[in-house]
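# Structural overview
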Amino acid sequence: MTAVMSPGLRRFTKPATVVAILVVALLLPFMLSDYWLSTAAFVLIAAIGALGLEVLTGRTGQISLGHAFFLATGAYVAGWIGGNEHMSAAVWLPAAGIVAGVLGAVVGPFALRLRGLYLAIVTIGLVYIGQYLAATWTGFSEGAGGRSIPDVTFGSLNFTNGFSLGSLSINRNGCYYYLALIILVLAMLYVRNVTRSTLGRSMVAVRDRELAAAVLGVNVARTKVRAFVISSALAGISGALYGAFLSFVVPQEWGLVLSIQYVVMIVVGGMTSLWGPVLGSIFVIGLPALLQDVSSSIPFLSNGSNNGVIAPSDAANIVFGVVLVAFLILEPRGVVGIGHRIAGLARRRAAAQAAQAAQAPPPDTTTPTNPTSHEEVQATS
Amino acid sequence: MTTFVQLLFAGVALGAVYALIALGFTVVYRSSRVINFAQGELLAFGAFITSWLVLTANLPFWAAFVIGAVATALVGWAFQVFVLRFALGRPEFTIVMLTLGLATVLSSVLPTLFGNFPRSNGDVFGSSALHAGGFSFFWVQIWTIVAAIAVLLGYGAFSRFTKYGLAMRSAAIDPEAALAVGIPLRRVYATSWFIAGAVSCIGGVFLGGYPSSVSPTISDVALLAFPAIILGGLDSPSGAIVGGFVIGVVQELTQGYQPRYIPALGNDFYVIAPYVVMILVLLVKPYGLFGSKPAERL
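Residues take numbers from 1 onward in each chain, read along the sequence in its written order. Ligands are numbered from 1 and chains lettered from A, in the order in which they are written. Totals for whole chains, interfaces and linings use all residues, but because this is a predicted model, local features are given only for residues with pLDDT of at least 70 and pairs of side-chain atoms are given and counted only at 80 or more.

## Brief notes about the overall build of chain B
Note on conventions: DSSP H or I runs of at least 4 residues are helices, E runs of at least 2 residues are strands, and numbering of each starts at the N terminus. Looking only at helices and strands, one finds eleven helices and two strands in chain B. Starting at the N terminus, the α and β elements of chain B follow one another as α-α-α-α-β-β-α-α-α-α-α-α-α. Here chain B has a C-alpha radius of gyration of 19 Å; the compact-globule value for 298 residues is 19 Å, and the two agree. Principal axes of the C-alpha set define a box for chain B whose edges measure 60 × 50 × 35 Å. Looking at chain B residue by residue over its 298 residues, the buried ones come to 52%. A pair of residues counts as a contact when their C-beta atoms, built from backbone coordinates, are within 7 Å of each other. In chain B, the proportion of contacts linking residues at least 24 apart, taken out of those at least 6 apart, comes to 75%. This radius of gyration counts C-alpha atoms alone. The globule rule is 2.2 Å times how many residues there are, raised to the power 0.38. Put plainly, a residue is buried at 20 or more neighbouring C-beta atoms within 10 Å of its own, exposed at 12 or fewer, and partly exposed in between, counting only other residues' C-beta atoms, which are placed from the backbone.

This is the structure:
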């Protein structure tokens with residue numbers, strides 16, 4: 001058997017996989033119905049925000065339940081600059097990221113004094129204060145009734161009308177899908193580079209043992225604040241896109257439930273992997289959409305016409321909760337971890353077979369190869 | 001003056017509920033270092049069960065109350081026995097998220113079972129009030145304070161004088177040492193979750209009393225108990241109780257006076273006032289007013 005992949009081959013297949021995923025992602029809008037295209041756009045938009053939370057919680061180990069606050073910041077900045085000041089998305093999209101990032105820098109120092117659970121509780125407070133501001137600060141948010149957020153426009157390109165190039169035409173959903181895809185890919189590249197830099201290693205050190213990191217010369221304060229800034233800036237951009245795509249947002253939307261959904265995304269997807277947030281948002285955004293889609297054919301789900309036992313959104317929430325618990329207990333590394341596990345199993349089986357084949361002709365009794373230790377080395381590599 | 005006394009009384013009644021909820025948190029936190037983010041949903045569960053037993057199953061209120069408290073306690077117990085037990089020794093993030101998982105499930109099960117609309121808590125007090133000296137006090141508020149004090153004293157006695165109370169205290173100080181001297185840690189944890197469940201049900205039923213009602217959003221109130229336990233410090237039950245009363249009074253006084261004197265903050269500022277107080281306190285004392293700063297070793 002030659003199934004054992006050489007390291008060189010693996011290095012070659014990884015970019016190949018990425019390219020394949022990108023090609024599929026680029027072609028996807030032409031294969032999906034409009035309902036699923038809009039769901040896919042929501043998935044990509046949420047993945048940008050989840051990536052931010054992954055940097056903060058997954059890499060740096062800061063438990064934040066305040067992600068909804070930064071998402072909301074992005075949406076309202078978009079609404080204010082785009083709607084009240086009538087500027088292009090080229091202005092409000094970066095502005096949403098910057099404003100949310102600055103707020104992250106303001107909140108970040110709390111994490112310097114507070115550890116773990118205390119930080120989680122303070123960030124819950126942040127969510128409620130944010131919702132209150134969204135309902136009360138009427139000049140900016142237009143109050144409890146909610147506010148409209150204009151569509152993305154870049155010069156003459158208006159997402160409301162879609163986009164056409166010769167015979168190729170892309171509707172509003174498709175426009176948002178591609179914009180979110182571009183931003184997500186850029187954000188993933190950025191986060192990948194960050195994690196490979198000194199900052200990324202400092203983050204992991206702070207997560208694993210803050211005191212030890214400080215003793216080794218890591219600037220804990222700066223690392224935490226930077227993690228907060230990156231995380232909230234990504235959340236701001238994600239929130240701005242989300243608001244523009246929804247075109248109308250109300251303060252109730254930015255509650256604790258939204259924060260929890262983002263946490264579910266990174267837990268289910270895998271907390272320390274670049275792909276985790278994407279897989280997680282496919283699950284968290286895709287599942288309610290799927291249940292909504294099939295609600296007419298599944299008897300106990302209620303929809304517009306029949307009165308079922310349970311609303312699709314409630315059913316989705318119950319599944320989220322159960323899946324969250326199941327992943328935390330059975331596979332804390334998330335879907336990505338399951339992937340690693342399957343790959344490891346296949347590799348180990350192949351290695352064992354190779355070892356057996358090598359061993360078979362003359363059984364060498366003087367130096368017995370120890371398959372267990374061999375496997376262990378394979379598994380930890 | 002009348003307004004002030006009325007507000008103060010309402011604040012103490014609200015504070016009593018917060019103190020109960022805060023007690024539920026600290027009971028679990030002290031024994032197992034777990035913050036139970038599902039406390040609010042347990043509270044809503046208890047309130048809904050009790051309301052359902054009275055209004056739909058036509059049980060007398062007090063019987064329904066007892067059954068509701070036991071049922072809620074069993075939910076807490078089951079969560080420890082069937083879920084949390086497997087996460088013993090995992091990082092605190094895992095445990096926080098597990099309780100959030102329970103919260104998510106319960107918050108969707110409740111509207112499915114009982115309908116997504118407010119309902120009466122089915123108590124026997126209604127809107128009746130005690131009128132004395134120009135003041136009027138709702139009976140439900142008086143009973144809230146009485147019940148809270150009874151529960152708090154009861155818990156104090158349990159913790160001080162019984163074998164399980166002693167076991168819980170020793171588990172709180174050092175779980176490994178407690179295990180080494182033969183304290184059944186899992187049973188201690190399960191007991192603390194049972195108590196937390198029962199206490200949340202009591203809090204929930206009184207919270208749903210006149211003039212409010214039992215609705216799925218009642219669980220948000222438990223999150224307002226966070227400022228209370230933060231004020232008191234997570235590992236101090238008496239601190240949590242003091243924190244509960246302080247937050248209750250602050251909230252009622254804010255509701256009564258702030259719209260008139262500081263209108264710029266908006267009409268519903270009292271809703272977030274506890275969080276603002278909490279953040280200010282944490283800026284000065286990161287481990288709460290009575291909490292202890294844990295020593296850390298390399």
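After that view, the rundown keeps rolling.
## So, the overall build of chain A
Within chain A, the regular secondary structure consists of 16 helices and six strands. Looking at chain A as a whole, 47% of its 381 residues are labelled buried. The contacts of chain A with a sequence gap of at least 6 include a subset with a gap of at least 24, amounting to 73%.

## Digging into the packing of helix α5 (residues 139-161) of chain B against helix α6 (residues 163-173) of chain B
All names here are of chain B. Interaxial angle, 0 to 180 degrees, is taken between N-to-C directions of lines fitted to C-alpha atoms, where a helix line uses only the stretch in contact. It is at 5 Å that the axes of α5 and α6 come closest, and there the two elements cross at 80°. Judged by the angle between their axes, α5 and α6 are roughly perpendicular. Two secondary-structure elements touch here, α5 through F158, S159, R160 and F161 and α6 through G165, M168 and R169. Of the residues in the contact of α5 with α6, the class split is three nonpolar, two polar and two charged. Here the angle decides the label: under 35 degrees means roughly parallel, over 145 means roughly antiparallel, 65 to 115 means roughly perpendicular, and every other value means oblique. Residues are grouped as follows: Ala, Val, Leu, Ile, Met, Phe, Trp, Tyr, Cys and Pro are nonpolar; Asp, Glu, Lys and Arg are charged; all remaining types, including Gly, are polar.

## Remarks on helix α14 (residues 312-330) of chain A
Every helix has an expected span of 1.5 Å times one less than the residues it contains. Here α14 of chain A is 19 residues long and its end C-alpha atoms lie 26 Å apart, about the 27 Å a rise of 1.5 Å per residue gives. When we look at burial in α14 of chain A, the residues that qualify are P312, D314, A315, A316, N317, F320, G321, L324, V325, F327 and L328 of chain A. Here the buried face of α14 of chain A lies against α12 (256-269), α13 (276-294) and α15 (334-359) of chain A together with α4 (92-114) of chain B.

## What about the interface of chain B and chain A?
On the side of chain A, 34 residues touch chain B, which itself brings 34 residues to the contact. Looking at the side of chain B that touches chain A, the elements with two or more residues in it are α4, α9 (220-232) and α11 (269-284) of chain B. For the side of chain B that touches chain A, a count of residues per class yields 24 nonpolar, seven polar and three charged.

## Re the pairing of strand β1 (residues 129-132) of chain B
Successive side chains on a regular strand alternate, one facing one side of the sheet and the next facing the other. All names here are of chain B. Relative to strand β2 (residues 135-138), β1 runs antiparallel, the two sharing four bridges. Paired with A132 across the strands is F135, a residue of β2. In this description, strands pair whenever DSSP reports at least two bridges between them. The antiparallel hairpin formed by β1 and β2 contains two residues in its connecting segment, where G133 sits at a positive phi of about 55°.

## Digging into the environment of A172 of chain B
Residue and element names in this part refer to chain B. Along the chain, A172 turns up in helix α6. Counting along the chain gives 142 residues from A172 to R30, while the straight-line C-alpha distance between them is 5.1 Å. Leave out the neighbours within four places in its chain, and A172 touches R30 and S31.

## Brief notes about the packing of helix α3 (residues 67-84) of chain A against helix α6 (residues 116-136) of chain A
All names here are of chain A. At their nearest, the axes of α3 and α6 sit 8 Å apart, and the two run at 25° to each other. With respect to each other, α3 and α6 are oriented roughly parallel. Here α3 contributes A68, F69, A72 and Y76 to the contact with α6, which in turn contributes L126, V127, G130 and A134. Grouping the constituent residues of the contact of α3 with α6 by class yields seven nonpolar, one polar and no charged.

## Overview of the nonpolar core
When buried Ala, Val, Leu, Ile, Met, Phe, Trp, Tyr and Cys residues are joined through C-beta atoms within 7 Å, the set is termed a nonpolar core. If you look at the biggest cluster of nonpolar residues, it comprises 217 residues, and the most contacted ones within it are A180 of chain A together with A19 and A22 of chain B. When neighbours within four sequence positions are excluded, A22 of chain B is seen to be in contact with A225, A228, I229, G232, A240, I241, G243 and G244 of chain B.

## Comments concerning unusual backbone geometry
Residue and element names in this part refer to chain A. For H86, which is not glycine, the phi torsion reads 55° and is therefore positive. Relative to the helices and strands, H86 is located in the loop between α3 and α4 (89-107). Residue classification places H86 among the exposed residues on the basis of 9 C-beta atoms within 10 Å.

## Looking at α3 of chain A
Residue and element names in this part refer to chain A. For α3, built from 18 residues, the straight-helix expectation of 26 Å at 1.5 Å per residue is met to within 8% by its first-to-last C-alpha distance of 25 Å. For α3, the tally of buried residues reaches 16 of 18 residues, placing the bulk of the element in the interior. The positive-phi residue at the C-terminal boundary of α3 is H86, with phi of around 55°.

## Looking at the environment of G232 of chain B
Assignment of secondary structure puts G232 of chain B in helix α9. Classification of G232 of chain B by C-beta neighbours within 10 Å gives buried; the count is 27.

## Thoughts on the environment of T99 of chain B
All names here are of chain B. For T99, the position within the fold is in helix α4. A tally of 22 C-beta atoms within 10 Å means that T99 is categorised as buried. Put simply, T99 and R119 are 20 residues apart on the chain and 26 Å apart in space, counted from C-alpha to C-alpha. Non-local contacts of T99, meaning those with residues more than four positions away in its chain, are made with V34, N36, F37 and A38.

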